[in-house]
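Coordinate inspection notes
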Amino acid sequence: MRYVKFRVTKKMPEEMDKWPELYTNTSTQNVMSEQQNIESRLWDYIDGVSNAEEKSAIEKLIESNLEWQRTYRELLETHQLMTSSELDAPSMRFTKNVMEEIAKYHVAPATSSYINKKIIWGVAAFFIIMIVGFLVYSFGQLNWANSNSSNIVSPNLDKLNWGKFLNNSYTNIFIMINVVLGLMLLDMYLTRKKKLLKKDF
Amino acid sequence: MHGELTDTEIISRVLRGEQQLFAALVERYQNYVFTLVLRFTDNREDAEELSQDIFVKAYRSLADFRGESKFSTWLYTIVRTSCITFLRKKKLETTSIDNEKTFVQLENRESGFKANQVEIKSRQAMVNQAIALLSPDDAQIITLFYKGEQMLEEIGAIIGAEPNTVKVKLHRARQRLKDKMEKYFSHEVREIQGD
């Protein structure tokens, strides 16, 4: 690229003799990123998304700096070319074809009408409660007093009595919550159906 | 005929059963949709068929349009997902310019394009040819910004990215377009500059 030619001319340190590629790449990258920065700021200016302060700063730079002036002209030409481009048009029968095709269909009911958010929230709540429950139980089994600095978390997995946990009152609570949620959803479904039937008659 | 009606008015009337009014939306947006699809398919027949499917899909899902965004933004989201599905069906990877297959595809486009270079007669044709040489992602983002009347935030909603990411992608796409024009149309660009 043309802006690679702008090289840093000041004296390089001794290491440059050992690793010339490293130094060349770094300074080239700097020049490139500077150029990219100029272009990025100029595109914002051309697109009209710069703020007032930035806009006046760029206008001053375009007036005073030849590099900015040249890049601005280049980008403006590209911008004008793109705005002048025309849209492609499909065949003359296109609208007719679409209308013939949609005549076979009806507008589908809105997704929100048949996806009940409460069900999604209910499922999410169930899993969150499950995870939190397991975490609380697992942390409760850890022996914090005996853990040393090299092995802070040393859970004795043999101590975890999963069978006991799954058979105790926690499981019953989870099942009860789910039964209640299920009954609530069933009730909501039946109520809605009843309302729809009333509307039809 | 229905030029004075806004998109929202047309949609609410279509939803109330005036199906024929949907033709006004098709007429209003067919060129935008067709141009965007053409950026992906590179073939007018496929583009026309896919554009037709997009409008049918839009009609069927019209009840899902909540009016939170512009109708065009919502429609272009359908365009994008439909085009990606189309390309997947054709076993083409479209997600990134870095993809090897995309490069092969682009190389083929470029070699095919060279033969048609003599046919470039206007500034518009040149820009369209140059855009056709870009990856579908780059071509789409440029078309959405310059022709689809979409803001950076709206393009972000269409492609599922943050406005800042869109800005960076747009800058890169424009840079690549500039490079293509310098590479293949330097003569034409000089002529335009001399106008």
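Examining the overall build of chain B
A count of helices and strands for chain B gives 10 helices and 0 strands. When the helices and strands of chain B are placed in sequence order, the string is α-α-α-α-α-α-α-α-α-α. Across the 195 residues of chain B, 37% fall into the buried class. A separation of at least 24 residues holds for 62% of the contacts in chain B among residues at least 6 apart in sequence.

Quick word on the packing of helix H8 (residues 152-159) of chain B against helix H9 (residues 163-184) of chain B
All names here are of chain B. At a minimum axis distance of 8 Å, the contact between H8 and H9 shows a crossing angle of 95°. Relative to H9, H8 is oriented roughly perpendicular. When H8 is examined against H9, the residues Leu152, Glu153, Ile155, Gly156 and Ile159 are found in contact with a partner set consisting of Pro163, Val166 and Lys167. A breakdown of the residues in the contact of H8 with H9 according to their chemical character gives 5 nonpolar, 1 polar and 2 charged.

Some words on the packing of helix H4 (residues 71-89) of chain B against H8 of chain B
Residues and elements named next belong to chain B. The N-to-C vectors of H4 and H8 enclose an angle of 40°; their axes lie 8 Å apart at closest approach. One element, H4, and the other, H8, form an angle in the oblique class. Crossing of H4 against H8: the hand is right-handed. For the pair H4 and H8, the contacting residues are Thr73, Tyr76, Thr77 and Arg80 in the first and Glu154, Ala157, Ile158 and Ile159 in the second.

Brief notes about the confidence of the model for chain B
Residues and elements named next belong to chain B. Residues of chain B with pLDDT of at least 70 account for 78%, and the chain-wide mean is 81. At the level of individual helices and strands, chain B shows its lowest average pLDDT in helix H5 (residues 100-116), which scores 49, and its highest in helix H3 (residues 44-60), which scores 94. Of the two predicted TM-score estimates for the complex, the pTM is 0.63 and the ipTM is 0.75.

What counts and what doesn't
Residues numbered from 1 in each chain as written. Chains lettered and ligands numbered in written order. Predicted model: local features only at pLDDT ≥ 70, side-chain atom pairs only at ≥ 80, totals over all residues. Helix = DSSP H or I, 4+ residues; strand = E, 2+ residues; numbered from the N terminus. Buried ≥ 20, exposed ≤ 12 C-beta atoms within 10 Å, placed from the backbone. Contact = placed C-beta atoms within 7 Å. Axes fitted to C-alpha atoms, helices over the stretch in contact; angles between N-to-C directions. Parallel < 35°, antiparallel > 145°, perpendicular 65-115°, else oblique. Nonpolar A, V, L, I, M, F, W, Y, C, P; charged D, E, K, R; others polar. Left-handed = near helix turned anticlockwise from the far one by under 90°. pLDDT = per-residue confidence, 0-100.

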